[in-house]
Amino acid sequence: MREVVTIVSGLPRSGTSMMMRMLEAGGMGIVTDSVRSADEDNPRGYYEFEDVKRIKDDASWLEGAKGKAVKMVSMLLYGLPQDRTYRVIFMRREIGEVIASQRVMLERMGERNIPEDDEMGRLYKRHLEEIERWLEGQQNIKVLYMNYKDVLEDPQGGALRISRFLGDSLNVEDMVRAVDMSLYRQRSQAKNSNEKDLPHAGDMEKEDSDKIEAQLKALGYM
């Protein structure tokens, strides 16, 4: 596992920061530059690394990420070089909760042009279908899908699954203690909160991809 780069991924506000915190508590090295400091939306830190946003142009930083974990929004996974091996922990969360949390964050940032929730729900569902199909076809990537709510409700079981996925090298009890249920603040409050309620999204078009990228840039993830 020393040569493997672990990627914590998913949509923004899907529990990726919590997962990074769990890995760090369990004894895994993490890659972060602390450029984005903790705030009201993420009071325990974002665990981000600015260089991931330039993965398509410069992936040299991956050499220093071997045996460690780094956080990367799911739209950037396509830029991972094929000559390396990765373990991806992909966070899942109800679409409505993700969108509600993103809206609160954007409003707090003073963003005015926030897309309608229904539109973002459709776009995110389409993106998730596409990225999961893409990941299935990558021989150099192994994926563990973790549900945010499930980890909060059963941190012991979640920590065990993660540790096994990463070679049973983590301190499970310390990972459990890193889970903070009080940070689960957007609980299925938005319309179309369950992605199963959304219609099949079909293939991603460039216009839709551009809209998602615009949202992620506004949130500071791309």
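Trainee: What am I meant to see in the overall build of the chain here?
Mentor: When helices and strands are tallied, the chain shows 7 helices and 5 strands. The order of helices and strands in the chain, counted from the N terminus, is β-α-β-β-β-α-α-β-α-α-α-α. In the chain, which comprises 222 residues, the share counted as buried stands at 52%. Across the chain, contacts joining residues at least 24 apart in sequence account for 76% of those joining residues at least 6 apart.

Trainee: So what exactly am I meant to see when it comes to the pattern of salt bridges here?
Mentor: Side chains that differ in sign of charge can pair as their charged atoms come close. If you walk through the whole model with that rule in mind, you get 17 salt bridges. A salt bridge links lysine 125 to glutamate 129, with the shortest nitrogen-to-oxygen separation between them at 2.5 Å. With lysine 125 and glutamate 129 both in helix H3 (residues 117-136) and 4 residues apart, this pair spans about one turn of that helix. Among the residues examined, glutamate 129 registers a relative accessible area of 18% and is labelled buried. Note that arginine 177 and aspartate 174 form a salt bridge whose closest N and O atoms lie 2.3 Å from each other. On the criterion of helical spacing, the pair formed by arginine 177 and aspartate 174 is a turn pair, its members being 3 residues apart in helix H6 (residues 172-177). Judged by its relative accessible area of 58%, arginine 177 is exposed.

Trainee: Can you walk me through H3 in this structure?
Mentor: Counting along an α-helix, one turn takes 3.6 residues, and residues three or four places apart therefore face a common direction. Between its first and last C-alpha atoms H3 spans 28 Å; for 20 residues at 1.5 Å apiece the expected length is 28 Å, and the two agree. Residues of H3 that are buried: Met120, Gly121, Leu123, Tyr124, Lys125, Arg126, His127, Leu128, Glu129, Ile131 and Leu135. On its buried side, H3 packs onto strand S4 (86-92), helix H2 (95-108), strand S5 (141-147) and helix H7 (206-219).

Trainee: Please clarify how the confidence of the model for the chain should be interpreted in this entry.
Mentor: When pLDDT is low, close inspection of the predicted coordinates is not appropriate. On average, residues of the chain score 89 in pLDDT, and 87% of them reach the 70 mark or higher. Confidence drops under pLDDT 50 across residues 189-201; counting only partners more than four residues distant or on other chains, this segment forms 27 contacts.

Trainee: Whenever I open this one, the nonpolar core confuses me. Can you help?
Mentor: What tends to happen in soluble globular proteins is that the nonpolar side chains get buried as a cluster. Residues Ile7, Trp61 and Met72 are the most contacted members of the largest nonpolar core, which totals 39 residues. Of all the secondary structure elements, the ones that give two or more residues to this core are strand S1 (5-10), S4, H2, H3 and H7. It is H3 that contributes the most residues to this core, 6 residues altogether. Among the nonpolar cores identified, the runner-up in size contains 27 residues, and Val8, Met19, Leu23 and Tyr148 belong to it.

Trainee: What am I meant to see in helix H1 (residues 16-25) here?
Mentor: With respect to burial, H1 is a largely interior element, 8 of its 10 residues being buried. The positive-phi residue at the C-terminal boundary of H1 is glycine 27, with phi of around 105 degrees.

Trainee: What's the story with the packing of H3 against H7 in this structure? I'm lost.
Mentor: Two quantities define a packed helix pair, namely the angle between the helix axes and the distance between the axes. As a packed pair, H3 and H7 sit with axes 10 Å apart at the nearest point and diverge in direction by 105 degrees. Classified by the interaxial angle, the pair formed by H3 and H7 is roughly perpendicular. From H3, Glu119, Met120, Arg122, Leu123, Tyr124, Arg126 and His127 reach across to H7, where they touch Asp208, Lys211, Ile212, Gln215 and Leu216. Taken together, the residues of the contact of H3 with H7 sort by class into 5 nonpolar, 2 polar and 5 charged.

Rules behind the numbers
Residues numbered from 1 in each chain as written. Predicted model: local features only at pLDDT ≥ 70, side-chain atom pairs only at ≥ 80, totals over all residues. Heavy atoms only, no water. Helix = DSSP H or I, 4+ residues; strand = E, 2+ residues; numbered from the N terminus. Buried < 20%, exposed > 50% of the residue type's maximum accessible area, 1.4 Å probe, protein only. Contact = heavy atoms within 4.5 Å. Salt bridge = Lys/Arg side-chain N within 4 Å of Asp/Glu carboxyl O. Expected span 1.5 Å × (residues − 1). pLDDT = per-residue confidence, 0-100. Core = buried A, V, L, I, M, F, W, Y, C linked by side-chain atoms within 4.5 Å. Axes fitted to C-alpha atoms, helices over the stretch in contact; angles between N-to-C directions. Parallel < 35°, antiparallel > 145°, perpendicular 65-115°, else oblique. Nonpolar A, V, L, I, M, F, W, Y, C, P; charged D, E, K, R; others polar.

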